[in-house]
Amino acid sequence: MGCLWIAESDADGTWSERILLDPRDLHDDDADIPPEERARRERVRESGSGVVSYTADPALRVIVCPLAGRLFLVTVSEPGRWIPVRELPSAEPAVAPQVSPAGDSIAYVHRGSVRVLDLVSNDDRAVVEPDADGVTWGLAEFIAAEEMGRTRGLWWSPDGRALVVARVDESAVHQWQVSDPGTPEAGSTTIAYPAAGTPNADVSLAVVATEPGSTPIPVPWDVDAFPYLVDVDWSSDTAPPLVTVQSRDQREVRFLEVDPTTGDTTLARKDTHPAWVELMPGVPTRAADDQVVWIGVADDTRSLFLDSTPVTPSGLEVRGVLDVDSSGREDGRVLFLASSEPTQIDVWTYDPRTGLHQLTEPGGVHGATRGGGTLVLQRRDLDSCAVHTAIWRDGRQVHTLASHAETPDLPAPRLTLTSVGPRELRTAVILPSWHEPGSGRLPVLMDPYGGPHAQRVLSAGAAFASSRWFAEQGFAVVVADGRGSPGRGVAWETAVRDDLANPPLEDQVEALRGAAERFPDLDLDRVAIRGWSFGGYLAALAVLRRPEVFHAAVAGAPVTDWSLYDTHYTERYLGQPQDAPEVYTRSSLIQDAEGLRRPLMLIHGFADDNVVYAHTQRLSDALLTAARPHTVLPLSGITHMASDETTAESLLLLQVEFLRNSLRPPR
């Protein structure tokens, strides 16, 4: 169970770590998590329990943790002296809390309304409430949280006197029923699901003052042309809030400056691309001199921009901005992630005075955060599944955080990262620890995600934990990233436009053959493929369209009909189905059902509200109509991620048994 920890140093520089908040002391029960919080966790794939998030003021003197719809406060009176945890007198359930910049109040959401709780007087009141059925304030809608990386719907002003709040109206979104036949007494759950080509939620903004009696000030923009609210940035106390909106076809993004006294917006900047404008983490925001920091395209490279000027070189792929110093006190104005090799991600800084500086050593996957003169660096590498976390001050490492995470009980990996084929596909090949080269042929298991917007081949041991387990069961496991994956330039990412089937599948075949050239013990007469979500779609696609290459497949939670998947993801690559039906047909699995002649296992959770169970049901119906034998494994009570340990373990064992039986050589 997750706890809230603190690492701090005393006067002589000695560091210590201890727990500030243990949910077990508060008798917290994850069974009582409010639906809004469960939805947020599902969107960010949070499978932990206990403390999984917190909010704090910039000075880290006030920390608030939401637990089961209640809010708990941890405060510090002076360095090293923390006042015991106390529960706040908030309305229940309380979700999505945000501490004010001054640390004297907290905004949170209660049943669709936004409330502000004064941490001194304990005064708690609503500042804006739902004005119609189907309306909520202060929360991110499904599309924002699932596909756009925005999980919040309220933002404090720097002086703590006002909030920018998102209003979400889902009345036009199509209502779907998600039910679990395993619990018929529970009935069905109604979800507002914006499938491709159908209406999205109506999302707008208002500036809400925290003073009693204030009236929300609407923030207008052309919502018909730019219906997607990407993010809000109100980090500068000398510049107006910056609102980012995106067109439905995702080919244009606009940055709007907001007058907080009137709500009026003016265009500050825009970005366009003929395929789509990728939404990048951490931008746009403002630097100390109020320059706009964002990530755009220069020479086919995602580059860091200050206003209109790219400040990173061609070939250095910027992955996201971690922090921008608005105070002028940090070392390096912009802290960001970037890659010169797609399997590695490093931490960099940029400052107009000193230029670019790489903070981390190559050969791993890194992350960072900073504040108050302290930099925390994280490193993952291929040597283990552990995360190495170090604290830096004044340019030197002063402490290494202890890790309490369990590590997989696996032998030392026999894992090789390589580039194969004409496209130099980044590929991982994992052999059993006990296998001696030349001692025999190994059945092959392709284990991709394979779709756009995500990577699996990274210089991090934890990325291959399940693949290593499959290798120990007797497979040569091959993991490959194809076209569409990030880190290799914009042309590479947009190569899947209008076709999510052929480029990803071609790249998996190329990676398989390239790996076999490097590792002759791979038996190409016994090749299976497994995957989840897009990887499940790709696995089923492989045995349906390339049965001469792939001899068995396990498809977990596969997208089988793209007209059933959500607007923002699907339309980014395929447009709207009413405009290009042939594009959807080309990428669908349903019409390929008659061609199945290899073993196929479909796995899907009945409670999945992302890739709904109808995807597997429709493919299974088509296979049954075509008299094609297949296996369906339905999961009662399971969402898009099988986070329950017992279920996850059983799924691994069942997949191995299915694959062994499917690839067993004839007598």
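Residues numbered from 1 in each chain as written. Predicted model: local features only at pLDDT ≥ 70, side-chain atom pairs only at ≥ 80, totals over all residues. Heavy atoms only, no water.

Q: Explain the overall build of the chain to me, please; I cannot follow it from the model alone.
A: A tally of regular secondary structure across the chain gives 10 helices and 41 strands. For the chain, whose C-alpha radius of gyration is 25 Å, the value lies close to the compact-globule estimate of 26 Å for 667 residues. For the chain, buried positions account for 55% of its 667 residues. For the chain, contacts bridging at least 24 residues in sequence account for 58% of all contacts bridging at least 6. Summed over all atoms, the accessible surface of the chain reaches about 28,000 Å², with 49% contributed by carbon and sulfur. (Helix = DSSP H or I, 4+ residues; strand = E, 2+ residues; numbered from the N terminus. Rg over C-alpha atoms; globule rule 2.2 N^0.38 Å. Buried < 20%, exposed > 50% of the residue type's maximum accessible area, 1.4 Å probe, protein only. Contact = heavy atoms within 4.5 Å. Areas by Shrake-Rupley, 256 points an atom, 1.4 Å probe, with all protein chains shown as cover.)

Q: How do you make sense of a negative patch on the surface when you look at a structure like this?
A: Taken together, the side chains of Glu 406, Asp 644, Glu 645 and Glu 649 make up a negatively charged region of the molecular surface. Note on placement: Glu 649 falls in helix H10 (residues 645-663). (Patch = residues over 30% accessible without salt bridge, like charges linked within 9 Å, V, L, I, M, F, W, Y side chains within 5 Å. Salt bridge = Lys/Arg side-chain N within 4 Å of Asp/Glu carboxyl O. Lys, Arg positive; Asp, Glu negative; His and termini not counted. Charge placed at Lys NZ, Arg CZ, Asp CG, Glu CD.)

Q: Would you explain the pairing of strand S41 (residues 631-635) in this entry?
A: Here is the key point about a regular strand: its side chains alternate between the two faces of the sheet. Note that strand S40 (residues 600-605) and S41 share 5 bridges and pair parallel. Looking across to S41, one finds that Leu 602 is bridged to Val 632. Handedness of the β-α-β unit built from S40, helix H9 (residues 614-625) and S41 comes out right-handed. (Pairing = 2+ DSSP bridges. Right-handed = clockwise from strand over helix to strand, strands pointing away.)

Q: Honestly, the sheet that holds strand S28 (residues 346-351) in this entry has me stumped. Any pointers?
A: Think of a sheet as strands paired side by side through backbone hydrogen bonds, with each pair either parallel or antiparallel. With respect to topology, 4 strands assemble into an open sheet ordered S26-S27-S28-S29, the strand pairing being antiparallel. Either end of the sheet is taken by a strand with one partner, and the two such strands are strand S26 (317-324) and strand S29 (355-358). When the angles between neighbouring strand axes are averaged without regard to direction, this sheet yields 30°. (Axes fitted to C-alpha atoms, helices over the stretch in contact; angles between N-to-C directions.)

Q: Before we go on, may I ask you to explain helix H7 (residues 567-574) in this structure?
A: Working note: α-helix, 3.6 residues per turn, so residues spaced by three or four point in the same direction. In terms of burial, H7 is largely enclosed, as 8 of its 8 residues are buried. Buried within H7 we find Thr 567, His 568, Tyr 569, Thr 570, Glu 571, Arg 572, Tyr 573 and Leu 574. In this fold, the buried residues of H7 make contact with helix H2 (142-148), strand S18 (228-233), strand S19 (242-246), helix H6 (534-545) and helix H8 (581-587). Put simply, Asp 566 is the residue that caps the front of H7, since its side-chain oxygen is 3.3 Å from the backbone nitrogen of His 568. Two residues or fewer past H7, Gly 575 is found with a positive phi of approximately 70°. (Polar contact = N/O pair within 3.5 Å; in protein donor to acceptor, adjacent residues only side chain to side chain.)

Q: Help me understand the sheet that holds strand S23 (residues 292-298) in this model?
A: Read across the open sheet, the 4 strands follow the order S22-S23-S24-S25; overall the sheet is antiparallel. Unpaired on one side and paired on the other, strand S22 (285-286) and strand S25 (309-310) mark the two borders of the sheet.

Q: Looking at this model, I keep getting lost on the pattern of salt bridges. Mind explaining?
A: One side chain can pair with another of opposite charge once the charged atoms of both are near each other. A full pass over the atoms with the stated rule returns 34 salt bridges. Between Arg 125 and Asp 123 there is a salt bridge, and its shortest N-O distance comes to 3.7 Å. A relative accessible area of 21% means that Arg 125 is categorised as partly exposed. Each of Arg 423, Arg 483, Glu 506, Asp 507 and Glu 510 takes part in salt bridges that share partners, so that together they form one network.

Q: Would you explain the state of the cysteines in this entry?
A: A covalent bond between the sulfur atoms of two cysteines is referred to as a disulfide. A full pass over the atoms with the stated rule returns 0 disulfides. Cysteine Cys 65 remains unbridged, with the sulfur of Cys 3 as its closest cysteine sulfur at 10 Å. Taking the relative accessible area as the measure of exposure, Cys 65 reaches 0% and is therefore buried. (Disulfide = S-S within 2.5 Å.)

Q: What exactly am I supposed to notice about the pairing of strand S37 (residues 476-480) here?
A: With 5 of 5 residues buried, S37 is to be regarded as a mostly interior element. Residues Ala 476, Val 478 and Ala 480 line one face of S37 and the alternating positions Val 477 and Val 479 line the opposite face, and both faces are buried. Summarising the sheet, strand S35 (residues 425-431) and S37 pair through 4 bridges and their orientation is antiparallel. Note on S37: the bridge partner recorded for Ile 430 is Val 477. Inspection of the sheet shows strand S36 (residues 442-446) paired to S37 by 3 bridges, in the parallel sense. Bridged to Leu 445 within S37 is Val 477. Regarding topology, helix H3 (residues 465-472) serves as the crossover connection from S36 to the parallel S37, and that connection is right-handed.

Q: I keep staring at the environment of Asp 592 and nothing clicks. Help me out?
A: When you line up the elements, Asp 592 lands in the loop between H8 and S40. Once the C-alpha coordinates of Asp 592 and Thr 647 are considered, the two residues, 55 residues apart in sequence, prove to be 30 Å apart. Residue contacts for Asp 592: discarding those within four places in its chain leaves Leu 544 and Arg 545.

Q: How do you make sense of helix H5 (residues 502-518) when you look at a structure like this?
A: Helix length check: H5 (17 residues) gives 24 Å between terminal C-alpha atoms against 24 Å at 1.5 Å per residue, within 8%. The element H5 is extensively covered by neighbouring structure, given that 12 of its 17 residues are classed as buried. Every buried residue of H5 is accounted for by Pro 503, Pro 504, Leu 505, Asp 507, Gln 508, Val 509, Glu 510, Ala 511, Leu 512, Gly 514, Ala 515 and Ala 516. (Expected span 1.5 Å × (residues − 1).)

Q: Just checking my understanding: could you explain the nonpolar core for this structure?
A: One broad rule of soluble globular proteins: the nonpolar side chains tend to lie buried together. Ranked by internal contacts, the top residues of the largest apolar core, which has 92 residues, are Leu 304, Val 321, Phe 336, Leu 522, Phe 550, Trp 562 and Leu 600. The greatest single-element share of this core, amounting to 9 residues, is contributed by H6. Those residues in contact with Phe 550 that lie beyond four places of it in its chain are Met 446, Leu 505, Gln 508, Val 509, Val 527, Ile 529, Ala 542, Val 543 and Arg 598. Within the second largest apolar cluster, 22 residues are counted, among which are Ala 428, Leu 445, Ala 471 and Val 554. (Core = buried A, V, L, I, M, F, W, Y, C linked by side-chain atoms within 4.5 Å.)

Q: Honestly, the packing of aromatic side chains in this entry has me stumped. Any pointers?
A: All chains considered together, the criterion is met by 15 aromatic pairs. Ring centres of Tyr 449 and Phe 534 lie 5.7 Å apart, and the angle between their planes is 40°; this geometry places the pair in the tilted category. Highlighted residues: Tyr 449 in the loop between S36 and H3 and Phe 534 in helix H6, separated in sequence by 85 residues. Its relative accessible area of 2% is what places Phe 534 among the buried residues. Both rings, one in Trp 562 and one in Tyr 565, keep their centres 5.9 Å apart while their planes meet at 85°; by these two values the pair is edge-to-face. Here the two residues Trp 562 and Tyr 565 agree in accessibility, since each one is buried. Joined through ring pairs, the aromatic side chains of Trp 276, Tyr 449, Phe 534, Tyr 537, Trp 562, Tyr 565, Tyr 569 and Tyr 573 make up one cluster. The side chain of Arg 488 reaches across the aromatic face of Trp 492, ending 3.9 Å from its centre. (Phe/Tyr/Trp six-rings, centres within 6.5 Å; stacked < 30°, edge-to-face > 60°. Lys NZ or Arg CZ within 6 Å of the ring centre and 35° of its normal.)

Q: Looking at this structure, I do not really get the side chain of Arg 43. What am I missing?
A: Relative to the helices and strands, Arg 43 is located in helix H1 (residues 35-43). By relative accessible area, Arg 43 is classed as buried at 7%. For Arg 43, the residues in contact, after removing those within four places along its chain, are Phe 142, Ala 145, Glu 146, Asp 609 and Asn 610.

Q: Can you walk me through the environment of Trp 492 in this structure?
A: When you line up the elements, Trp 492 lands in helix H4 (residues 490-493). Note: C-alpha distance between Trp 492 and Gly 364 (128 residues apart in sequence) is 22 Å. Beyond its immediate sequence surroundings of up to four residues, Trp 492 is in contact with Arg 423, Leu 425, Asp 481, Gly 482, Arg 483, Gly 484 and Ser 485. A polar contact of 3.1 Å, which involves the side chain of Trp 492, links it to the backbone oxygen of Gly 482.

Q: I'm lost on unusual backbone geometry in this one. Help?
A: Pro 93 follows Glu 92 through a cis peptide bond whose omega is 0°. That bond from Val 283 to Pro 284 is cis: its omega, 0°, falls within 30 degrees of zero. Relative to the helices and strands, Pro 284 resides in the loop between strand S21 (265-272) and S22. Even without being glycine, Asp 290 reaches a positive phi, approximately 70°. Within the secondary structure, Asp 290 sits in the loop between S22 and S23.

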